[in-house]
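The primary structure of each chain is shown beneath.
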Amino acid sequence: MTITIKKCTLADLRLLQDISYETYNETFKDHNTPENMNAYLKKAFNEKQLEKELANRSSHFFFVYFNNDVAGYLKVNMNDAQSEDMGAESLEIQRIYIKTNYQKLGLGKYLLNQAIEMAIEQKKKNIWLGVWEKNDNALSFYKKMGFVQTGAHSFYMGDDEQIDFIMSKTLAL
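From a predicted model like this one, the values you see are computed outputs, not experimental measurements. (Residues numbered from 1 in each chain as written. Predicted model: local features only at pLDDT ≥ 70, side-chain atom pairs only at ≥ 80, totals over all residues. Heavy atoms only, no water.)

Within the protein chain, the regular secondary structure consists of five helices and seven strands. Ordering the α and β elements of the protein chain from the N terminus gives β-α-α-α-β-β-β-α-β-α-β-β. At 15 Å, the protein chain has a C-alpha radius of gyration in line with the 16 Å of a compact globule built from 173 residues. C-alpha atoms of the protein chain, sized along the principal axes, occupy 45 × 35 × 30 Å. (Helix = DSSP H or I, 4+ residues; strand = E, 2+ residues; numbered from the N terminus. Rg over C-alpha atoms; globule rule 2.2 N^0.38 Å.)

Counting residues in each nonpolar core, the largest one holds 30 residues, and the members touching the most others are L91, I93, I127 and F147. Broken down by secondary-structure element, the contributors of at least two residues to this core are strand 2 (59–66), strand 3 (69–78), strand 4 (90–98), helix 4 (107–121), strand 5 (126–132) and helix 5 (136–144). In terms of residue count, helix 4 provides more of this core than any other element does, seven residues in total. Ignoring any residue separated from it by four or fewer positions in sequence, one finds I93 in contact with L74, K75, V76, L112, A115, I127, W128, L129, G130 and F147. Counting residues in each nonpolar core, the second largest holds 21 residues, with L13, F61, W132 and M157 among its members. (Core = buried A, V, L, I, M, F, W, Y, C linked by side-chain atoms within 4.5 Å. Buried < 20%, exposed > 50% of the residue type's maximum accessible area, 1.4 Å probe, protein only. Contact = heavy atoms within 4.5 Å.)

To continue, consider the packing of aromatic side chains. In this description, an aromatic ring pair is defined by two values, namely the gap between the centres and the angle between the planes. Evaluation of the coordinates by the stated rule reveals 15 aromatic pairs. Relative to Y97, the ring of F45 has its centre 6.5 Å away and its plane inclined at 80°; by these criteria the two rings are edge-to-face. Of the two residues, F45 is situated in the loop between helix 2 (34–44) and helix 3 (47–55) and Y97 in strand 4; the sequence distance between them amounts to 52 residues. In this structure F45 comes out as buried when scored by relative accessible area, which is 0%. These aromatic residues form a ring-pair network of at least three members: Y21, Y24, F28, Y40, F45, F61, Y73, Y97, W132 and F155. Just above the ring of F62 sits the side chain of K7; from NZ or CZ to the centre is 5.3 Å. (Phe/Tyr/Trp six-rings, centres within 6.5 Å; stacked < 30°, edge-to-face > 60°. Lys NZ or Arg CZ within 6 Å of the ring centre and 35° of its normal.)

With that settled, consider helix 1 (residues 13–28). End to end, helix 1 covers 22 Å across 16 residues, agreeing with the expected 22 Å (1.5 Å per residue, within 8%). Those residues of helix 1 that fall on the buried side of the exposure criterion are L13, L16, Q17, I19, S20, T23, Y24 and F28. (Expected span 1.5 Å × (residues − 1).)

In structure tokens form, the structure reads like this:
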């Protein structure tokens with residue numbers, strides 16, 4: 001078993017788009033209408049949007065490979081790229097997306113540790129994320145990894161308002 005991480009660049013745009021559509025759809029299609037799923041996927045993962053995110057110096061994407069196959073990715077945001085104003089001492093994990101057939105192999109923990117290492121290198125005191133209130137697997141994982149709920153915010157899936165719990169962890173620098 002070999003796990004490796006590679007930083008994404010603009011040259012990876014098409015692969016990033018494909019894996020974004022696949023992993024998001026696998027996770028949420030059974031909980032949302034096809035219309036709302038399609039509206040969200042087109043808005044969040046179109047080429048222009050992903051190109052903009054990849055070009056932002058305060059956002060970083062990393063692919064995780066399992067035995068040389070792309071299994072998922074991580075997106076982190078700092079400074080003004082954060083989706084909520086959590087301040088300069090915080091790093092946001094915006095996405096940890098793992099393909100279904102690669103889940104339960106420790107890849108999420110591997111990516112989470114990558115984010116924590118990056119936060120420590122950048123001298124961030126806090127790491128945080130938003131997770132859908134009904135995503136029990138993710139909530140359980142983050143709680144196990146030491147995150148606690150510190151708030152909530154609205155998230156729109158098409159025209160459906162949903163609630164994401166904001167979960168945070170204080171880092172020892």
